[in-house]
Amino acid sequence: MESIDKIAVLFGGSSGEREVSLERGKRVYDAIIALGYDCDKFDINDIKDINVLRNFDFIFIALHGEEGESGALQKQLETIGIPFTGSNSESCSYSWNKSISKDLIRKNGIKTPDSIQINNPLNFNRSFKDIPVDHFFIKPSMDGSSVNIFEIKDENEYLKTLQQLSSLKGPFILEESIKHKEYTVTIIWDFVCPPIEIKTTNSFYDYESKYLSDDTDLVEAQYSNEWIDKIKNFARDSYEALKCSGWARVDILEDEYGDLYFLELNSSPGMTSHSCVPTSGEFIGLSYNQVVQKIINASID
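All of these numbers come straight from a predicted model, not from anything done at the bench.

*Asks:* Got a minute to help me understand the environment of Asp301 in this structure?
*Replies:* Its place among the elements puts Asp301 in the segment after α10 (288-300). Overall, Asp301 belongs to the exposed group, its relative accessible area being 51%. Each C-alpha atom of the pair Asp301 and Cys92 lies 18 Å from the other, and the pair is 209 residues apart in sequence.

Given below as structure tokens:
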């Protein structure tokens, strides 16, 4: 393990989840200080030259959206030789693009909801009756997991959504809805944390239910050991299919027949008071600070 004394936390940015990143960055920074490291934090918007980070031994990426998850920042850090949290640039580029990640997942024999690529909404001419499922979501192919997601159950909602998409940055994917149970599984290095079952009063696990609502329950999945092992193995297989390392969070759906489906992988998961990763740590007796330390360790081993 490399020796680390001085850490920079990168947070903020200009994504739709900026406020979440600001909260996350502050909490991570406080934890790193409490762990005894020398630490500074930077809003990525204020960094004009990545070389200002050369004075640090390690970078903790607390950014959401393209700036923290697409692989572009990771590529810059690789170029100047500074280790950082999470997967390398290539792996991040896979998980950031939902169409690419779903293709890789399918090639590895893992189920994922059926989907259709929408490169340009203005040229997307499929009528509602031509969509092979009658309940689906339309969401950006490359954006935070909670931003600009539309749930569609009828033709009117479909036509309205296509109109709205024309003013938004694409591309998008149309993805089959699987409504039964939803889980999320944190992986830190080679350790798969206890699965979380997500219970929300909202129609789906959206921005509000993820980051704002106190009515969302993140509970430890309580099923047979065999079933828990099945979910954990599914998460690990997904993580490995996308060539991840360090840490990540895998979101999983279960249908009424007990089949599991890969929804997406987050290479830079949230670490706020409402987030799943610190909650997973609590299930095994880890404090927030201990989870942060494990993430740092996993990224430099």
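Structure's up, so let's keep going.
*Asks:* Explain the sheet that holds strand β7 (residues 172-176) to me, please; I cannot follow it from the model alone.
*Replies:* By definition, the strands of a sheet pair up through backbone hydrogen bonds, in either a parallel or an antiparallel sense. The sheet built from four strands is open, its strands ordered β4-β7-β5-β6 with antiparallel pairing. Edge positions in the sheet fall to β4 (115-118) and β6 (150-152), since each of these pairs with one other strand and no more. The mean angle between the axes of side-by-side strands here comes to 20°, regardless of whether they run parallel or antiparallel. The sheet contact formed by strand β5 (residues 136-140) and β6 spans three bridges and is antiparallel. Directly across from Phe136, in β6, lies its bridge partner Ile152. On the sheet, helix α5 (residues 98-107) packs against β4, β5 and β7 and is oriented at approximately 45° with respect to β7. Seen against the sheet, helix α6 (residues 155-165) touches β5, β6 and β7 and runs at an angle of roughly 155° to β6.

*Asks:* Mind showing me how you'd approach the packing of aromatic side chains here?
*Replies:* Given two aromatic rings, one states the distance between the centres and the angle between the planes to describe the pair. Enumeration according to the criterion identifies six aromatic pairs in this entry. Taken together, Phe128, Phe136 and Tyr158 form an aromatic cluster joined through their ring pairs. Across the ring face of Tyr288, the terminal group of Arg27 is positioned such that the distance to the ring centre comes to 4.2 Å.

*Asks:* Would you mind going over the nonpolar core with me for this structure?
*Replies:* Proteins that are soluble and globular tend to have nonpolar side chains buried together. In this structure, Ile7, Val9, Ile32, Phe60, Met271, Val292 and Ile296 are the most contacted members of the largest nonpolar core, which totals 25 residues. Of all the elements, α10 adds the most residues to this core, at seven residues. One finds Val192, Ile228, Cys244 and Ala248 within the second-largest nonpolar core, a separate group that totals 23 residues.

*Asks:* For this particular structure, what's the right way to read the sheet that holds strand β3 (residues 58-61)?
*Replies:* Read from one edge of the open sheet, three strands run β2-β1-β3, paired in parallel fashion. Where the open sheet ends on each side, the last strands, each with one partner, are β2 (38-43) and β3. Direction aside, neighbouring strands of the sheet carry axes that sit 25° apart on average. Direction of pairing for strand β1 (residues 6-11) relative to β2: parallel, over a ladder of six bridges. Of the residues in β2, the one forming a bridge with Ile7 is Cys39. Sheet strands touched by α10: β1 and β3. Its angle to β3, the strand with the most contacts, is close to 125°.

*Asks:* Help me understand the environment of Tyr37, please; the structure alone is not making it clear to me.
*Replies:* Looking at the secondary structure, you find Tyr37 in the loop between α1 (18-34) and β2. C-alpha separation for the pair Tyr37 and Asp5, spaced 32 residues apart in sequence, amounts to 5.6 Å. If we ignore the near neighbours within four places in the chain, the residues touching Tyr37 are Ile4, Asp5, Ile7, Ile32, Gln293 and Ile296.

*Asks:* Could you clarify how one ought to interpret the pattern of salt bridges in this entry?
*Replies:* Two side chains of opposite charge can pair, provided their charged atoms sit close to one another. Counted by the stated rule, this structure contains nine salt bridges. For the salt bridge of Lys179 with Glu151, the shortest nitrogen-to-oxygen distance reads 2.9 Å. In this pair, Lys179 sits in the loop between β7 and β8 (181-188) while Glu151 sits in strand β6, placing the two residues 28 residues apart along the sequence. Owing to a relative accessible area of 43%, Lys179 belongs among the partly exposed residues under this scheme. Among the charged side chains, a network of salt bridges with common partners joins Lys102, Lys139, Glu175 and Glu264.

What counts and how
- Residues numbered from 1 in each chain as written.
- Predicted model: local features only at pLDDT ≥ 70, side-chain atom pairs only at ≥ 80, totals over all residues.
- Heavy atoms only, no water.
- Helix = DSSP H or I, 4+ residues; strand = E, 2+ residues; numbered from the N terminus.
- Buried < 20%, exposed > 50% of the residue type's maximum accessible area, 1.4 Å probe, protein only.
- Pairing = 2+ DSSP bridges.
- Axes fitted to C-alpha atoms, helices over the stretch in contact; angles between N-to-C directions.
- Contact = heavy atoms within 4.5 Å.
- Phe/Tyr/Trp six-rings, centres within 6.5 Å; stacked < 30°, edge-to-face > 60°.
- Lys NZ or Arg CZ within 6 Å of the ring centre and 35° of its normal.
- Core = buried A, V, L, I, M, F, W, Y, C linked by side-chain atoms within 4.5 Å.
- Salt bridge = Lys/Arg side-chain N within 4 Å of Asp/Glu carboxyl O.

Honestly, it's all geometry; don't read function into it.
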